[in-house]
Amino acid sequence: MPEQIKLDTEFITLGQFLKLADVISTGGMAKWFLSEHDVFINGEQDQRRGRKLRAGDKIQIPGFGEFMLTQ
């Protein structure tokens, strides 16, 4: 079952999500992390740290887990 991450805003960026989900420790690591790891959003691979994520989106990061955004 995916770990649920609650949003306080309408959307967050993929870079912000990685920090919120404790996948990375600082926001500055997002660019490096995305260049080194596969990230799937709703089943599609995406490496754009500015990608907007909204409630209902499912994020899969092999080796790190599955996450579901909720409002």
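All values reported here derive from a predicted model rather than from experimental measurement.

Undergrad: What am I meant to see in the overall build of the protein here?
TA: Of regular secondary structure, the protein possesses two helices and seven strands. Taken from the N to the C terminus, the helices and strands of the protein come in the order β-β-α-α-β-β-β-β-β. The C-alpha radius of gyration computed for the protein amounts to 11 Å, which stays within 12% of the reference 11 Å derived for 71 residues, consistent with globular compactness. Across its three principal axes, the protein shows a C-alpha extent of roughly 30 × 20 × 20 Å. When the 71 residues of the protein are sorted by exposure, 32% land in the buried category.

Undergrad: Help me out: how do you make sense of the environment of glutamine 71 in this one?
TA: Of note, glutamine 71 is situated in the segment after strand S7 (65-70). Judged by its relative accessible area of 53%, glutamine 71 is exposed. Between the alpha carbons of glutamine 71 and leucine 7 there is a distance of 5.1 Å; along the sequence they are 64 residues apart. From its side chain, glutamine 71 meets the backbone oxygen of threonine 9 in a polar contact 3.4 Å long.

Undergrad: Sorry, what's going on with the sheet that holds S7 here?
TA: By definition, the strands of a sheet pair up through backbone hydrogen bonds, in either a parallel or an antiparallel sense. Overall, mixed pairing links the five strands, which are arranged S1-S7-S6-S3-S4 in an open sheet. Of all the strands in the sheet, just strand S1 (3-6) and strand S4 (44-45) have a single pairing partner and so form its edges. For strand S3 (residues 40-41) and S4, the ladder comprises two bridges, and the chain directions are antiparallel. Its bridge partner being in S4, phenylalanine 40 is matched across the sheet by glutamine 45.

Undergrad: Quick question: what am I supposed to make of the nonpolar core here?
TA: Within soluble globular proteins, side chains that are nonpolar generally end up buried alongside one another. One finds Phe17, Leu18, Ile59 and Ile61 to be the most contacted residues of the largest nonpolar core, which totals 19 residues. Elements represented by at least two residues in this core include exactly helix H1 (14-20), helix H2 (30-36), strand S6 (58-61) and S7.

Undergrad: Would you mind going over the side chain of aspartate 57 with me for this structure?
TA: The topology assignment puts aspartate 57 in the loop between strand S5 (52-54) and S6. Put simply, aspartate 57 is tucked away with no salt bridge, and the nearest opposite charge, on arginine 51, sits 5.3 Å away. Leave out the neighbours within four places in its chain, and aspartate 57 touches Asn42, Lys52, Phe67, Met68 and Leu69.

What counts, and at which threshold
- Within each chain, residue numbers correspond to sequence positions counted from 1 in written order.
- Given that the model is predicted, a residue must reach a pLDDT of at least 70 before its local features are reported, and side-chain atom pairs must reach 80 or more before they are shown or counted; all residues, however, enter totals for whole chains, interfaces and linings.
- To obtain the side-chain values, all non-hydrogen atoms of the structure were used and water was disregarded.
- Numbering of helices and strands runs from the N terminus; a helix is a DSSP stretch of H or I covering at least four residues, while a strand is a stretch of E covering at least two.
- Radius of gyration: over C-alpha atoms. The globule rule applied is 2.2 Å multiplied by the number of residues raised to the 0.38 power.
- Each residue is placed in one exposure class: buried if its accessible area under a 1.4 Å probe, protein chains only, is under 20% of its type's maximum, exposed if it is over 50%, and partly exposed if it falls in between.
- In protein, a polar contact requires one atom able to donate a hydrogen and another able to accept it; more generally it is a pair of N or O atoms within 3.5 Å, and residues adjacent in sequence count only if both atoms are side-chain atoms.
- Should DSSP find at least two bridges between two strands, the strands are regarded as paired.
- The criterion is simple. A nonpolar core is a set of buried Ala, Val, Leu, Ile, Met, Phe, Trp, Tyr and Cys residues joined through side-chain atoms within 4.5 Å.
- Counting rule applied: Lys, Arg positive; Asp, Glu negative; His and chain ends not counted.
- Within this document, salt bridges are pairs made up of a side-chain nitrogen of Lys or Arg and a carboxyl oxygen of Asp or Glu, the two lying within 4 Å of each other.
- In this analysis, two residues are considered to be in contact whenever any of their non-hydrogen atoms come within 4.5 Å of each other.

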